Amino acid sequence: MADIVVKTEDVVKEYRMGSNILRALDGINIEINRGEYISLMGPSGSGKSTLFNMIGALDRPTEGRVYIDGQNMSQLSQKQIAAFRCHRVGYIFQSYNLLHVRSAHGNVTLPMIFAGISEKQRNEKAEKLLDMVGLGDRMYHLPDELSGGQRQRVAIARALANDPSIILADEPTANLDTITGREIIDLIKRLNLEQGVTVISATHDLKMLDVSDRIVDIRDGLVERIRNRDEIEIEVGEVGGEGE
Amino acid sequence: MQQRTPIEEQIDLPFVESLRISFQSLKIRFGRSIITTAGITLGIAFLVSVWTNNEIGIALQESGRQSTINTFEETAEAGISTKDIWLIIMSLIVCVVGIANSMLMAVTERFREIGTMKCLGALDGFVVRLFLLESGFQGFSGALIGALIGTLGAVLLGLKDYGLDLFFYFPLLPASPEDGPMQLGVIVIILLGCILGMILAVIGSSFPAWRAAKLPPAEAMRTEV
Ligand SMILES: Nc1ncnc2c1ncn2[C@@H]1O[C@H](COP(=O)(O)OP(=O)(O)OP(=O)(O)O)[C@@H](O)[C@H]1O
Ligand SMILES: [Mg+2]
């Protein structure tokens, strides 16, 4: 049997705005295997980011359950959730979400500070990670002094700081040009292959398709269909053709 | 699901670590910190100057000196007049509102940062402690500068009104003369101003910070400023 890292059961998320209730997720059931590269696709407003937040324990579902490593997330204490975010997941966002008061190096060390790792160890690790993402010569620059692609690299290095088993990426390439986006995707894919990190990424970016193991299409808060890699490759061709 | 490693509890950060992070944040955000601190400085300077000016007036009237401006009859037996009380209350309100507002602004523009820190594993308590430290430091330094500026202002005004007599009867220490109103003295006023500024800054920032820290990170990160 496959080793399931993430499992959602009838996950519903409602947003209350005045007297209106908006059902952003309408009963999502998915299972994600360890080591998979999963893309969540769907039109704007379909609920990708909302689902991303549920899986990453960044928000609570209105109904339903999210299991990570078999653990029901709603049963965790506040301190356990903090530890979960710190150790198990690395988050990558469309808008990078770097702390602009800390250098690239300072951003990468922060999760390790929270994890209680010694100063010497975390400095070494941060240098190693920044080297790996190709920012060895920019370590002490503030985020404002870096390009979009470089900032996203810092975010990736930061996401890897505590050796998470899951990388959650919400449209990591949306603010980047095609070539830089491609580089970021390749970097994430490399982590997926070399380190066996499970990658769950919400995206509009068709470049993401051919690195994904599976694609989950979301529409109106529901899983519309799940496609495997072999089904995808044909479609990439189609889409590419349409585009030109 | 083979790997059922239980999720451990997040550790509390040592205090030094919080202190370091908060000072670094103040340092890099220096320009912005100065603006926030200036809000505190202004509020306290206003309050302290009005208050001290009032005490100077009382002290000199106690001594039987006359203001070169006010006639003796007008102010002599009045002690703290209703007008003065009103002025002090007004300046207190201006000071409270001004400081609360500048701290609130300073925290609101950092909601996203709070959400991000929680994504990286920060506990709610850590976030609040960070803001407590930063605002406590800002509050104290801002209020101290403000109190000194306020005192200086009141002294200059006093010099204009009473001339050099001011220094003979300067109300430095607390006094409670039998026939006059109680006086706190300038030293106590400066001290109170510092404490007030610091308390207002700490409340004004850690209360919104606490509210932001309680939010799920997804919501905290949504706020765009
Ligand atoms: N905090 C919120 N309050 C109210 N409504 C929300 C909130 N967050 C999301 N929504 C709504 O929920 C729906 C799903 O939003 P979500 O952000 O998940 O979409 P998305 O698929 O990520 O879209 P995009 O591709 O544009 O990022 C949208 O209709 C959105 O307006
Ligand atoms: Mg989205």
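Residues numbered from 1 in each chain as written. Chains lettered and ligands numbered in written order. Predicted model: local features only at pLDDT ≥ 70, side-chain atom pairs only at ≥ 80, totals over all residues. Heavy atoms only, no water.

Draft legend 1. Seen up close, the overall build of chain B. Helices and strands together make up the secondary structure of chain B, namely 9 helices and 0 strands. Order of helices (α) and strands (β) in chain B, N terminus to C terminus: α-α-α-α-α-α-α-α-α. Taking all 225 residues of chain B together, 45% fall into the buried category. If you take every contact in chain B between residues at least 6 apart in sequence, the share linking residues at least 24 apart comes to 83%. As displayed, chain B has an accessible area near 11500 Å², and 70% of this comes from carbon and sulfur atoms. (Helix = DSSP H or I, 4+ residues; strand = E, 2+ residues; numbered from the N terminus. Buried < 20%, exposed > 50% of the residue type's maximum accessible area, 1.4 Å probe, protein only. Contact = heavy atoms within 4.5 Å. Areas by Shrake-Rupley, 256 points an atom, 1.4 Å probe, with all protein chains shown as cover.)

Draft legend 2. Just the overall build of chain A, in detail. Looking only at helices and strands, chain A features 7 helices and 10 strands. With the C-alpha coordinates aligned to their principal axes, the bounding extent of chain A is approximately 50 × 45 × 45 Å. Expressed as a percentage of its 244 residues, the buried residues of chain A come to 55%. Within the structure as shown, chain A displays about 10100 Å² of accessible surface, and the carbon and sulfur contribution to it stands at 46%. Between the centroid of the 29 positive side chains of chain A and the centroid of its 37 negative side chains there is a distance of 7 Å. (Lys, Arg positive; Asp, Glu negative; His and termini not counted. Charge placed at Lys NZ, Arg CZ, Asp CG, Glu CD.)

Draft legend 3. Representation of the sheet that holds strand β5 (residues 71-72) of chain A in the model. Residue and element names in this part refer to chain A. Read across the open sheet, the 4 strands follow the order β2-β1-β4-β5; overall the sheet is antiparallel. Because the sheet does not close on itself, it has two edges, and the strands there are β2 (20-33) and β5. One ladder, built from 11 bridges, connects strand β1 (residues 4-17) with β2; its direction is antiparallel. Note on β2: the bridge partner recorded for M17 is N20. Each of β1, β2 and β4 (63-68) is contacted by helix α1 (residues 48-55), which is oriented at about 60° to β2, the strand it contacts most. (Pairing = 2+ DSSP bridges. Axes fitted to C-alpha atoms, helices over the stretch in contact; angles between N-to-C directions.)

Draft legend 4. Main features of the interface of chain B and chain A. Contacts between the two partners involve 36 residues from chain B, matched on the other side by 41 residues from chain A. Summed over both partners, the interface of chain B with chain A comes to about 3500 Å²; 58% of that surface belongs to carbon and sulfur atoms. There are 4 salt bridges connecting chain B and chain A. A salt bridge links K79 of chain A to D12 of chain B; the nearest nitrogen and oxygen atoms lie 3.0 Å apart. Our count for the chain B to chain A interface comes out at 8 residue pairs in polar contact (both at pLDDT 80 or more). Grouping the amino acids of the side of chain B that touches chain A by side-chain chemistry returns 17 nonpolar, 8 polar and 11 charged. (Buried area = accessible area lost by both parts, 1.4 Å probe. Salt bridge = Lys/Arg side-chain N within 4 Å of Asp/Glu carboxyl O. Polar contact = N/O pair within 3.5 Å; in protein donor to acceptor, adjacent residues only side chain to side chain. Nonpolar A, V, L, I, M, F, W, Y, C, P; charged D, E, K, R; others polar.)

Draft legend 5. Up close: the site of ligand 1. Close to ligand 1 lie 15 residues, the nearest being S44, G45, K48, S49 and T50 of chain A. The environment around ligand 1 is built from residues contributed by chains A and B. Counting residues per element, the ones that place at least two in the shell around ligand 1 are β1, β2 and α1 of chain A. Element by element, the count of residues in the shell around ligand 1 is highest for α1 of chain A, at 3 residues. Partitioning the shell around ligand 1 into residue classes produces 5 nonpolar, 7 polar and 3 charged. (Near = heavy atom within 4 Å.)

Draft legend 6. Up close: the layout of surface pockets. By volume, the largest pocket amounts to about 840 Å³. Looking at the largest pocket, it is lined by 29 residues, and the ones nearest its centre are S49, T50, N53 and D170 of chain A together with R222 of chain B. Those elements giving two or more residues to the lining of the largest pocket turn out to be β1, β2 and α1 of chain A together with α9 (217-222) of chain B. The biggest single contributor to the lining of the largest pocket is α1 of chain A, with 5 residues. Each residue belonging to the lining of the largest pocket can be placed in one class, and the counts come to 8 nonpolar, 11 polar and 10 charged. (1 Å grid on protein atoms, 1.4 Å probe; cavity = no way out; pocket = protein on both sides within 12 Å on 5 of 7 lines; lining within 4 Å. Points joined across faces, edges and corners; volume = space filled by probe spheres on them.)

Draft legend 7. Structural view of the sheet that holds strand β9 (residues 214-219) of chain A. All names here are of chain A. Spatially, β6-β7-β8-β3-β9-β10 is the arrangement adopted by the 6 strands of the open sheet, whose pairing is mixed. The open sheet has two free edges, formed respectively by β6 (89-93) and β10 (222-228), since each of these has just one partner strand. Direction aside, neighbouring strands of the sheet carry axes that sit 15° apart on average. By the bridge criterion, 4 bridges tie strand β3 (residues 37-41) to strand β8 (residues 198-202) in an arrangement that is parallel.

Draft legend 8. Looking closely at helix α6 (residues 178-195) of chain A. All names here are of chain A. With 18 residues, α6 ought to run about 26 Å at 1.5 Å a step, and its terminal C-alpha atoms sit 25 Å apart, in line with that. Along α6, the residues classified as buried are T180, G181, I184, I185, L187, I188, K189, L191 and N192. Among the structural elements, β3, β6, α4 (119-132), α5 (148-159) and β8 are those in contact with the buried residues of α6. By the N-cap criterion, in which a side-chain oxygen at the helix start approaches the backbone nitrogen of a residue two or three places on, α6 is capped by D177, the distance to I179 being 3.0 Å. (Expected span 1.5 Å × (residues − 1).)

Draft legend 9. Looking closely at unusual backbone geometry. Residue and element names in this part refer to chain A. Here the phi dihedral of D10 falls at roughly 50°; this positive angle occurs in a residue that is not glycine. With respect to the element layout, D10 can be found in strand β1. Look at E171: it is not a glycine, yet its phi comes out positive at around 45°. Structurally, the position occupied by E171 is in the loop between β7 (166-170) and α6. For E171, a relative accessible area of 12% corresponds to the buried category.

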